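# Commentary on secondary and tertiary structure
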Amino acid sequence: MRILHTADLHLGQIMYQYYERFDEHRHFFRQIEEWCEMYRPDALLVSGDIFDIQQPSAAVRDFFNSSFVALHRRFPDVKIVVTAGNHDSAARVQADREVWGLSGVKLVGHGPAFDVSASDDGWQDRFIVELPSGFIVALPFMSSLRSEILQSLLDCVAQRNSDGRPVVMMAHQAVAGSNSEGHTDIGNLKAFAINELGSGYDYLALGHIHRPQTLGFDIGDESREQSTYAAGIARYAGSALHVSCDEQYPHTVSLVDIDRHNGTVELRRLRIDELRHFYVLPQTGEPAFQSAEELYDSVDRFCNENGRGYIRLRVDAGCALPVDFQQTIYKKLESTDNEVRYNPQIIRENEAVDEESCEKPVFEVAELQQMSNPLEFIKKTMDNYPELKIEEIEKDFLEIEEEMRKGDSGK
Ligand SMILES: [Mn+2]
């Protein structure tokens with residue numbers, strides 16, 4: 001069985017609240033098409049975070065539809081399986097699944113219900129894809145999970161798998177022990193122990209963490225083009241695109257060959273070519289900018305020489321910048337027609353250490369919603385919010401909980 005495993009497309013992502021990335025995603029899909037042509041996989045798996053936000057615009061949905069329809073038209077024999085991640089609206093993905101099902105593309109929005117029972121005949125089929133070459137158990141992001149339900153899915157596959165075909169499972173979760181360095185988005189999701197996801201798969205195709213990695217193996221292995229494993233491994237494919245200059249590691253798509261159930265997993269890392277790279281000016285190792293003139297010159301030079309990319313500036317704390325310097329920079333970039341893209345968050349260097357000015361952790365409401373105990377998280381980080389009154393927050397939480405209880409009993 002041969003699969004092409006990717007994840008975390010984040011279609012519709014907008015950088016610095018301004019720049020769209022359609023052309024970068026188009027460039028990515030072009031490579032997926034080339035790899036489908038070259039390697040003829042049995043299946044293409046996208047393990048969650050299809051979209052960047054829960055309600056993507058019509059243009060972004062159109063992009064999703066046309067990209068996957070084009071892939072399916074060109075490679076009708078490649079089974080496409082796409083699952084929802086924590087960035088996606090499970091309900092919206094679920095709502096489209098019947099239509100995609102008509103062409104054999106498998107979309108999975110909701111995970112298994114918590115109360116599935118033996119009497120609910122055939123519920124497993126909503127998650128199991130059976131191919132002549134192997135099985136795929138397609139699970140989307142689940143904010144909480146019941147191990148016995150996942151195990152019963154794998155057991156169901158085992159029952160049907162009398163001829164020892166490879167078994168692949170998909171999931172979009174934070175798994176304990178993974179390396180999330182340079183990834184600002186994941187820290188707050190509950191991490192599950194790998195054994196909570198059940199056993200009996202040969203390859204667990206994970207999404208969520210943007211850095212490609214095979215769990216339990218040296219992250220340094222990622223620089224190798226190929227690796228061979230005994231079956232039963234879990235791997236993050238990594239994201240389709242870079243999202244910041246912190247992501248210095250290569251992004252790849254995983255081409256996975258599995259000979260048989262409990263056999264050998266051959267992994268090939270297909271390097272993704274990025275249309276736009278991330279740069280800091282001046283580059284790391286050089287002293288930060290000392291004057292506005294120096295900074296303007298450097299931006300001009302970048303526009304002329306590179307002509308394309310995301311830039312962020314490092315400025316010495318002692319350097320005073322004119323009030324209109326951001327406008328001046330945007331003006332300089334106009335001539336590049338959005339090819340040079342600017343992150344207006346300046347990196348200030350050599351600042352006197354001052355607790356107050358330390359960068360505060362930023363978290364989104366969506367992340368709080370996924371925490372099992374958001375109040376606990378707020379308490380742990382409350383030093384960052386001197387103006388916050390924890391007693392009031394606690395009271396608000398209690399009130400909301402009370403209201404939710406009332407609402408539940410009313411249904
Ligand atoms: Mn995610």
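All values derive from a computational prediction rather than experimental measurement.

### Notes on empty space enclosed by the protein
For the coordinates displayed, the defined rule picks out four cavities of 30 Å³ or more. Approximately 120 Å³ is the volume found for the largest cavity. Lining the largest cavity are 13 residues; nearest its centre among them are Phe-51, Pro-56, Arg-92, Val-93 and Asp-96. Elements supplying a minimum of two residues to the lining of the largest cavity: helix H2 (58–74) and helix H3 (90–95). For the lining of the largest cavity, the class distribution of residues is seven nonpolar, two polar and four charged.

### Comments concerning the packing of aromatic side chains
Evaluated as defined, the whole model comprises 15 aromatic pairs. Their ring planes at 85° and their centres at 6.0 Å tell us that Tyr-16 and Tyr-310 sit as a pair that is edge-to-face. Here the residue Tyr-16 occupies a position in the loop between strand S2 (14–15) and strand S3 (19–20), and Tyr-310 occupies one in strand S19 (residues 309–316), the gap between them amounting to 294 residues. On the basis of relative accessibility, which here comes to 24%, the residue Tyr-16 falls in the partly exposed class. Taking the relative accessible area as the measure of exposure, Tyr-310 reaches 0% and is therefore buried. Between Phe-51 and Phe-64 the ring centres are 5.3 Å apart and the planes differ by 55°, which places this aromatic pair in the tilted class. Within this pair, whereas Phe-51 is found in the loop between strand S4 (43–47) and H2, its partner Phe-64 is found in helix H2, the two being separated by 13 residues in sequence. Pair check on accessibility: Phe-51 and Phe-64 agree, each one buried. The rings of Phe-22, Phe-28, Phe-29, Phe-51, Phe-63, Phe-64, Phe-68 and Trp-100 are connected pair by pair, giving a single aromatic cluster.

### Remarks on the sheet that holds S4
Across the sheet, which stays open at both edges, the seven strands sit in the order S6-S5-S4-S1-S16-S17-S14 with mixed pairing between neighbours. Two strands bound the open sheet, and with one partner strand each, they are strand S6 (106–108) and strand S14 (226–230). Taking the axes of each pair of neighbouring strands and ignoring which way they run, one obtains an average angle of 20° across the sheet. Sheet analysis places strand S1 (residues 2–6) next to strand S16 (residues 252–258), joined by four bridges and oriented antiparallel. For Ile-3, the partnering residue across the bridge sits in S16 and is Val-256. Contacting S4, strand S5 (79–83) and S6, H2 runs over the sheet at an angle of about 155° to S5.

### Some details on the packing of helix H6 (residues 292–305) against helix H7 (residues 325–334)
Between H6 and H7, the least distance of the axes is 10 Å, while the angle of their chain directions is 20°. It follows from the interaxial angle that H6 and H7 lie roughly parallel. In this structure, H6 meets H7 at a crossing whose hand is right-handed. Of H7, the residues touching H6 (which contributes Leu-295, Tyr-296, Val-299, Asp-300 and Cys-303) are Phe-325, Thr-328, Ile-329, Lys-332 and Leu-333.

### Brief notes about the pairing of S19
Across the eight residues that make up S19, a large majority, eight, are buried. Residue alternation in S19 divides its side chains into two sets, Gly-309, Ile-311, Leu-313 and Val-315 and Tyr-310, Arg-312, Arg-314 and Asp-316, and both sets are buried. Pairing of strand S18 (residues 278–281) with S19, which is carried by four bridges, proceeds in the parallel orientation. Following the sheet pairing, Leu-281 is matched in S19 by Leu-313. Remark: the S18/H6/S19 crossover connection has right-handed handedness. Pairing of S19 with strand S20 (residues 340–342) involves three bridges; the strand directions are parallel. Bridge assignment links Tyr-310 to a residue of S20, and that residue is Arg-341.

Rules of the game
- Residues numbered from 1 in each chain as written.
- Predicted model: local features only at pLDDT ≥ 70, side-chain atom pairs only at ≥ 80, totals over all residues.
- Heavy atoms only, no water.
- 1 Å grid on protein atoms, 1.4 Å probe; cavity = no way out; pocket = protein on both sides within 12 Å on 5 of 7 lines; lining within 4 Å.
- Points joined across faces, edges and corners; volume = space filled by probe spheres on them.
- Helix = DSSP H or I, 4+ residues; strand = E, 2+ residues; numbered from the N terminus.
- Nonpolar A, V, L, I, M, F, W, Y, C, P; charged D, E, K, R; others polar.
- Phe/Tyr/Trp six-rings, centres within 6.5 Å; stacked < 30°, edge-to-face > 60°.
- Buried < 20%, exposed > 50% of the residue type's maximum accessible area, 1.4 Å probe, protein only.
- Pairing = 2+ DSSP bridges.
- Axes fitted to C-alpha atoms, helices over the stretch in contact; angles between N-to-C directions.
- Contact = heavy atoms within 4.5 Å.
- Parallel < 35°, antiparallel > 145°, perpendicular 65-115°, else oblique.
- Left-handed = near helix turned anticlockwise from the far one by under 90°.
- Right-handed = clockwise from strand over helix to strand, strands pointing away.

Don't take any of this as a statement about function, it's just geometry.
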